[in-house]
Amino acid sequence: MTDDSLEARRAVEAIVMVAEEPVPPGLMAQLIEIPTGQVEAICDQLAEEYRAEERGFELVRVAGGYRFRSHPDAESYVKRFVVSGQSSRLSSAALETLAIVAYKQPLSRAQVSAIRGVNAEGAMRTLQHRGLVQEVGRDPGPGQARLFATTPAFLERLGLDSLDELPPLVDFVPGAEVIEALETSLMADNRPAPLPESGNSDVLEV
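To start, this report covers the structure provided alongside it. Remember, predicted model here, so these are calculated numbers, not experimental data. (Residues numbered from 1 in each chain as written. Predicted model: local features only at pLDDT ≥ 70, side-chain atom pairs only at ≥ 80, totals over all residues. Heavy atoms only, no water.)

## Digging into the side chain of T150
Stage number 1. For T150, the position within the fold is in strand β4 (residues 146-150).
Stage number 2. When its relative accessible area of 9% is taken as the criterion, T150 is described as buried.
Stage number 3. Other than its neighbours up to four places away in sequence, T150 contacts L98, V101, A102, Q105, L132, V133, Q134 and L163. (Helix = DSSP H or I, 4+ residues; strand = E, 2+ residues; numbered from the N terminus. Buried < 20%, exposed > 50% of the residue type's maximum accessible area, 1.4 Å probe, protein only. Contact = heavy atoms within 4.5 Å.)

## Points about the environment of G122
Stage number 1. Position of G122 relative to the elements: it lies in helix α7 (residues 121-129).
Stage number 2. On the basis of relative accessibility, which here comes to 32%, the residue G122 falls in the partly exposed class.
Stage number 3. It is 9.0 Å that separates the C-alpha atoms of G122 and A93, two residues lying 29 residues apart in sequence.

## Examining helix α3 (residues 36-52)
Stage number 1. With 17 residues, α3 should reach 24 Å at 1.5 Å per residue; the first-to-last C-alpha distance of 25 Å fits that figure.
Stage number 2. Along α3, the residues classified as buried are V39, I42, C43, L46, A47 and Y50. Relative to the axis of α3, the buried residues are bounded by an arc of 135° and lie together on one face.
Stage number 3. In this structure, the buried side of α3 is in contact with α1 (3-18), α2 (25-32), β1 (57-62) and β2 (65-70).
Stage number 4. Two residues or fewer after α3 comes E54, characterised by a positive phi angle close to 55°. (Expected span 1.5 Å × (residues − 1). Arc of directions from axis to C-beta.)

## Description of the nonpolar core
Stage number 1. Counting 18 residues, the largest nonpolar core has L98, V112, M124, L127, V133 and F154 as its most contacted members.
Stage number 2. Every element with two or more residues in this core is listed here: α5 (92-104), α7 and α8 (152-158).
Stage number 3. Leave out the neighbours within four places in its chain, and V133 touches L98, V101, M124, L127, Q128, F148, A149, T150 and T151.
Stage number 4. In this structure, I42, L46, Y50 and F68 belong to the second largest nonpolar core, which totals 17 residues. (Core = buried A, V, L, I, M, F, W, Y, C linked by side-chain atoms within 4.5 Å.)

## Some details on the pattern of salt bridges
Stage number 1. Evaluation of the coordinates by the stated rule reveals 10 salt bridges.
Stage number 2. Here E53 and R55 are joined by a salt bridge, their closest N and O atoms 2.8 Å apart.
Stage number 3. A salt bridge links R69 to E58; the shortest N-O distance between them is 2.9 Å. Highlighted residues: R69 in strand β2 and E58 in strand β1, separated in sequence by 11 residues.
Stage number 4. The exposure class of R69 is partly exposed, given its relative accessible area of 36%.
Stage number 5. In the salt-bridge network here, residues are joined through shared partners; they are E40, R61 and D161. (Salt bridge = Lys/Arg side-chain N within 4 Å of Asp/Glu carboxyl O.)

## Concerning the environment of T97
Stage number 1. Relative to the helices and strands, T97 is located in helix α5.
Stage number 2. Remark: the alpha-carbon pair of T97 and R109, spanning 12 residues in sequence, is separated by 9.7 Å.
Stage number 3. Sequence-distant contacts of T97, defined by excluding residues within four places in its chain, comprise V112, R116, A120, A123, M124 and L127.
Stage number 4. Within the structure, T97 has its side chain in polar contact with the backbone oxygen of A93 (distance 2.8 Å). (Polar contact = N/O pair within 3.5 Å; in protein donor to acceptor, adjacent residues only side chain to side chain.)

Right under this line is the structure:
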């Protein structure tokens, strides 16, 4: 390995180490003054070396950039250090709202509320406060409602490089046979009871 190659590797490690957010390879290429492809190759090599050495951390590509994160195998220990005693879970309402924004973005608060069937103001504020949702523009229609979309932090939390990596929505929708069986069951439950025959001796004539 040449001195220039070693210096570039060390520079990539140093930059990613101090970054608070995923660092785009193009930015590192500008800072180190090497081609973007070389930065990506260095990151791939470093990631493979860390895996081979079974380190407690890994170099991953998320949200369009690279960052260090703890290895999944060490999750229990990290939770004890970071999460213990903290209430950081999102409520069911916030998770539902986040899912709607992720798959339907960009959309307004009113549209989110319409899809959920309940007011989503509180959940949207929570997601904005957590840095998972942000305002991205205005609806060109009447009223010019504010439009919201997910943030790079959302991708980072899910370990995704782009929204294209979200699982297909159809994976969460029951199949046609399940829907048909459910409808049949509901129809059977709601079917009125049969009227007694006219010849039944238990029926009183009026």
